[in-house]
Amino acid sequence: MRHPLDTLDWPISTERLLLRRAAPDDLDATWAFRQLPETHEWVTAATETYDDYRERFLREERLADLLIVELDGRVIGDLTLKVQDGWAQEEVADQAESVQGELGWTLDPSYGGNGYATEAVRALIDISFKSLGLRRLHADCFYDNESSWRLMERVGMRREQHTVRDSLHRTKGWLDGLSYALLAEEWPPHE
C-alpha cells in the first residue's frame, strides 16, 4: 500500500526551509546531529554506533515516515509523520482508518533559537491537515524534554495528558510524560 506522503508533490517550501522526503543519502547528515549528546538524550531509539544507526535509518518503514528539513541546501533536521488509525468501535472501524498522525522531530541544536523547528513543524501540521486530510495529530515527550513540549505549545498543540513517572528513559529512569494533540478544525490557531 502506498504511503500517504507518496501522494504529495515534493519538495515543499516554507518561508526559509525546504521539506522533502528522506532518502538513503541523508544518512550521514542526520547522523551528524542525532549523535550529539543534546539530541541523542531524547530520541526514541538512540543508536550507539554509526553502523547501528545506518541499519535503523535505512529500514523501508522508517524512511517512508521521514522528512528532511533543509536550510539553504544543508540538512538541519528531520520530521516524522506516522499516519495511524483512530480508535473506533468495530462497526465503524473503517471510518477511522488512516485519519490521524503522530508527529516527531529532531533538529540540529546548532540551528536552535531561530524559529526553524517551529516553522518546520507548522508546515508538517499544515501538510497533515490540508494536503492529507487527517483529522487529528498528536505528539508525546518526556516532561524533562522542555524544548520539545514548548515547541508543541508554540505550534498550537493542546496538552492533553501529564502522566506521572510512566515513561522509562534509557539513563534517567522513570520520568513524567506529556501528550499533546491538535484537531484539524483547530488549525490554524488564532494568533
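None of the values given here were measured: they were computed from a predicted structure. Along each chain, the written sequence defines residue order, and numbers are assigned to residues from 1. Only residues with pLDDT of 70 or above have their local features reported here, since the model is predicted, and side-chain atom pairs are shown and tallied only from 80 upward, although totals for entire chains, interfaces and linings are computed over all residues. Neither water nor hydrogens contribute to the side-chain values; these are computed over all heavy atoms in the structure.

**Section: the packing of helix α1 (residues 27–34) against helix α3 (residues 50–57)**
Stage number 1. Lines fitted to C-alpha atoms define the axes here, with helix axes fitted over just the stretch in contact, and angles between the N-to-C directions of these axes take values from 0 to 180 degrees. Secondary structure follows DSSP: runs of H or I at least 4 residues long count as helices, runs of E at least 2 residues long count as strands, and numbering of each begins at the N terminus. Orientation of α1 relative to α3, taken along the N-to-C sense of each, is 125°, at an axis distance of 11 Å. By the angle between their axes, α1 is oblique relative to α3. Relative to α3, α1 is oriented so that their crossing is right-handed. Judged by residue contacts, L27, D28, T30, W31 and R34 of α1 engage Y50, Y53, R54 and F57 from α3. Any angle that is under 35 degrees is reported as roughly parallel, and any over 145 degrees as roughly antiparallel; angles of 65 to 115 degrees are reported as roughly perpendicular and all others as oblique. Take the far helix as the reference: if the near one is turned anticlockwise from it by less than a right angle, the crossing is left-handed, and if turned clockwise, right-handed. Only heavy atoms enter the contact rule, under which two residues are in contact if any of them lie within 4.5 Å.

**Quick word on the pattern of salt bridges**
Stage number 1. The salt bridge criterion pairs a side-chain nitrogen of Lys or Arg with a carboxyl oxygen of Asp or Glu, the two atoms within 4 Å. Using the criterion set out here, one finds 13 salt bridges in the structure.
Stage number 2. Where E119 meets R16, a salt bridge forms, and the shortest distance between an N and an O atom there is 2.7 Å. With a gap of 103 residues between them, E119 in helix α5 (residues 116–131) and R16 in the loop between β1 (12–13) and β2 (18–21) connect regions that are remote in the sequence.
Stage number 3. Residue classification places E119 among the buried positions, given a relative accessible area of 15%.
Stage number 4. D51 serves as the salt-bridge partner of R54, at 3.1 Å between the closest nitrogen and oxygen. Note that R54 and D51 are positioned in helix α3 at a spacing of three residues, about one turn of the helix. Only protein chains enter the accessibility calculation, which uses a 1.4 Å probe; a residue is then buried when its area is under 20% of its type maximum, exposed when over 50%, and partly exposed in between.

**Notes on empty space enclosed by the protein**
Stage number 1. In this analysis the probe radius is 1.4 Å and the grid spacing 1 Å, with only protein atoms considered; a cavity is a set of points the probe fits into but cannot get out of, a pocket is an open set with protein on both sides within 12 Å along at least five of seven lines, and lining residues have an atom within 4 Å of a point. Grid points are joined across faces, edges and corners, and a volume is the space filled by probe spheres set on the points. If you walk through the whole model with that rule in mind, you get one cavity of 30 Å³ or more.
Stage number 2. The calculated volume of the largest cavity comes to roughly 50 Å³.
Stage number 3. What lines the largest cavity is W31, R34, Q35, H40, V43, A45, A46, T47 and Y53.
Stage number 4. Residues of the lining of the largest cavity, tallied by class, amount to five nonpolar, three polar and one charged. Here the nonpolar group is Ala, Val, Leu, Ile, Met, Phe, Trp, Tyr, Cys and Pro; Asp, Glu, Lys and Arg are the charged ones; every other residue, Gly included, is treated as polar.

**Some remarks on the side chain of S148**
Stage number 1. On the secondary structure map, S148 appears in helix α6 (residues 146–154).
Stage number 2. Judged by relative accessible area, which is 9%, S148 ranks as buried.
Stage number 3. When neighbours within four sequence positions are excluded, S148 is seen to be in contact with W105 and C141.

**Quick look at the packing of aromatic side chains**
Stage number 1. Any Phe, Tyr or Trp ring, taking Trp's six-membered ring, that has another such ring centre within 6.5 Å forms a pair; planes under 30 degrees apart are called stacked, those over 60 apart edge-to-face, and the others tilted. The full count for this structure, using the stated rule, is six aromatic pairs.
Stage number 2. Measuring from centroid to centroid gives 5.8 Å for W31 and Y50, while their planes differ by 80°, and the two rings are edge-to-face. In this pair, W31 sits in helix α1 while Y50 sits in helix α3, placing the two residues 19 residues apart along the sequence.
Stage number 3. Overall, the relative accessible area of 28% leaves Y50 in the partly exposed class.
Stage number 4. Geometrically, the ring pair formed by W42 and F142 is tilted, given 5.8 Å between the ring centres and 50° between the ring planes. Here W42, found in the loop between α2 (37–40) and α3, pairs with F142, found in strand β6 (residues 136–142); they are 100 residues apart in sequence, far enough to count as distant.
Stage number 5. A network of ring pairs unites the aromatic residues W31, Y50, Y53 and F57 as a single cluster.
Stage number 6. Residue placement shows R159 over the ring face of W149; its charged tip is 4.9 Å from the ring centre. Geometrically, a lysine NZ or arginine CZ counts as sitting over a ring once it is within 6 Å of the ring centre and also within 35 degrees of the ring normal.

**Observations concerning α1**
Side chains three or four residues apart in an α-helix point the same way, a direct result of the helix having 3.6 residues per turn.
Stage number 1. For α1, every residue scored as buried is listed here: L27, T30, W31, F33 and R34.
Stage number 2. Where the residues of α1 are buried, they touch α2, α3, α4 (60–65), β3 (66–71), β4 (74–84) and β5 (100–107).

**Points about the sheet that holds β3**
Stage number 1. Paired strands are those between which DSSP finds at least two bridges. Reading across the sheet, the eight strands line up as β1-β2-β3-β4-β5-β6-β8-β7 and stay open at both edges, with mixed pairing between neighbours. In this open sheet, the two edge strands, each paired with only one partner strand, are β1 and β7 (158–169).
Stage number 2. Taken together, the six bridges between β3 and β4 define a ladder with antiparallel strand orientation. Note that in β4 the partner of L67 across the bridge is L79.
Stage number 3. α1 contacts β3, β4 and β5 of the sheet and is inclined by roughly 95° relative to β4.
Stage number 4. Where α5 meets the sheet, its contacts fall on β1, β2, β3, β4, β5, β6 and β8 (173–183), and the angle it forms with β4 comes to roughly 35°.

Functional significance is not addressed by these values, which are geometric in nature.
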